[in-house]
Amino acid sequence: MARFFLTLSAKCLKAALFASAILLISAQAQAEPGSEGPFLNLSGHWSGAGTVTMTNGATERLRCKAAYSVNATGKALQQTLRCASDSYRLEISSNVISEGGSLSGSWAEVTRGVAGNISGRASGAEIVANVAAAGFAARLDVRTQGDKQSVSIRPQGGTEVSAVSISLRK
C-alpha cells in the first residue's frame, strides 16, 4: 500500500508541474515584449486530456480542468487544477510570479498534502521550468499556440512515473 501512495504522490507532482508550466508558457506566448504582464490572457477556465506513462510502460488517460485568476498587472497568477483518471483524483493549487522573464512560485497538492517550488524562464511560445519538492524533481516543457497548450513533464528519477503529456484548450 505504501508503494501505491508513492505512485500517486509522483503523479500529483507531475500534474502540478504541467499545470504551472501551462500557465507560464501560455502567458509568455501571448504577451508582446514590453506589454503588460504575461498572465493577462490566461484568466478563465481551461480543460483537456492527456496521459501518464509509468516506467513499466503502462499508460493511463487523464481528464483535467483548470481555473486561472490573474492580478490587474498580469504578473501574478493563482491557478487551481483538478485532474482525474480511472484510479485517482488530484487537486493542485499554484501561485506563480513573472519578473523580468524569470518565473518563480509554489504549488501544493491539496488532497495529499504535498508542496514544492517552481522556477524557470519563458522565451517566446515556450517555457522550460524545474519543479521540486521533498524527494521529487521534474522538468517541464510547455508550448502555447492561440487557445491550445501542450505540456510535457519528465520526472528525474525516484518515481514510477516516466512522463506526463497533456493538451488543454481555453
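Reference entry: report on the structure contained in this document. No experiment lies behind these values; they were computed from the predicted model shown.

## Some words on the overall build of the protein
Part 1 of the argument: Within the protein, the regular secondary structure consists of 1 helix and 10 strands.
Part 2 of the argument: For the protein, the N- to C-terminal ordering of α and β elements is α-β-β-β-β-β-β-β-β-β-β.
Part 3 of the argument: When burial is assessed residue by residue, the protein has 45% of its 170 residues classed as buried.
Part 4 of the argument: By sequence separation, contacts in the protein at least 24 residues apart represent 45% of the contacts at least 6 residues apart.
Part 5 of the argument: When the accessible area of the protein is evaluated, it comes to approximately 8100 Å², of which 50% is carbon and sulfur surface.

## A closer look at the state of the cysteines
As used in these notes, a disulfide is a covalent bond between sulfur atoms, one from each of two cysteines.
Part 1 of the argument: Applying the stated criterion across every chain yields a total of 1 disulfide.
Part 2 of the argument: Here C64 connects covalently by a disulfide to C83, the sulfurs 2.2 Å from one another. Negative torsions about the S-S bond denote left-handed disulfides, and the value of about 110 degrees found for C64 with C83 makes this one right-handed. Taken together, the positions of C64 in strand β2 (residues 59-70) and C83 in strand β3 (residues 76-84) put the pair 19 residues apart, joining distant regions of the chain. There is no split in this pair, since C64 and C83 are both buried.

## Let's talk about the pairing of strand β10 (residues 161-169)
Along any regular strand, the residues point their side chains to alternate faces of the sheet.
Part 1 of the argument: By the bridge criterion, 8 bridges tie strand β1 (residues 44-54) to β10 in an arrangement that is antiparallel. Bridge assignment links T53 to a residue of β10, and that residue is A163.
Part 2 of the argument: Here 6 bridges tie strand β9 (residues 148-155) to β10, and the two strands are oriented antiparallel to one another. Paired with I153 across the bridge in β10 is V164.
Part 3 of the argument: Linkage of β9 to β10, two consecutive antiparallel strands, is achieved through a turn of 5 residues, within which G157 is found at a positive phi near 80 degrees.

What counts, and at which threshold
- Residues numbered from 1 in each chain as written.
- Predicted model: local features only at pLDDT ≥ 70, side-chain atom pairs only at ≥ 80, totals over all residues.
- Heavy atoms only, no water.
- Helix = DSSP H or I, 4+ residues; strand = E, 2+ residues; numbered from the N terminus.
- Buried < 20%, exposed > 50% of the residue type's maximum accessible area, 1.4 Å probe, protein only.
- Contact = heavy atoms within 4.5 Å.
- Areas by Shrake-Rupley, 256 points an atom, 1.4 Å probe, with all protein chains shown as cover.
- Disulfide = S-S within 2.5 Å.
- Pairing = 2+ DSSP bridges.

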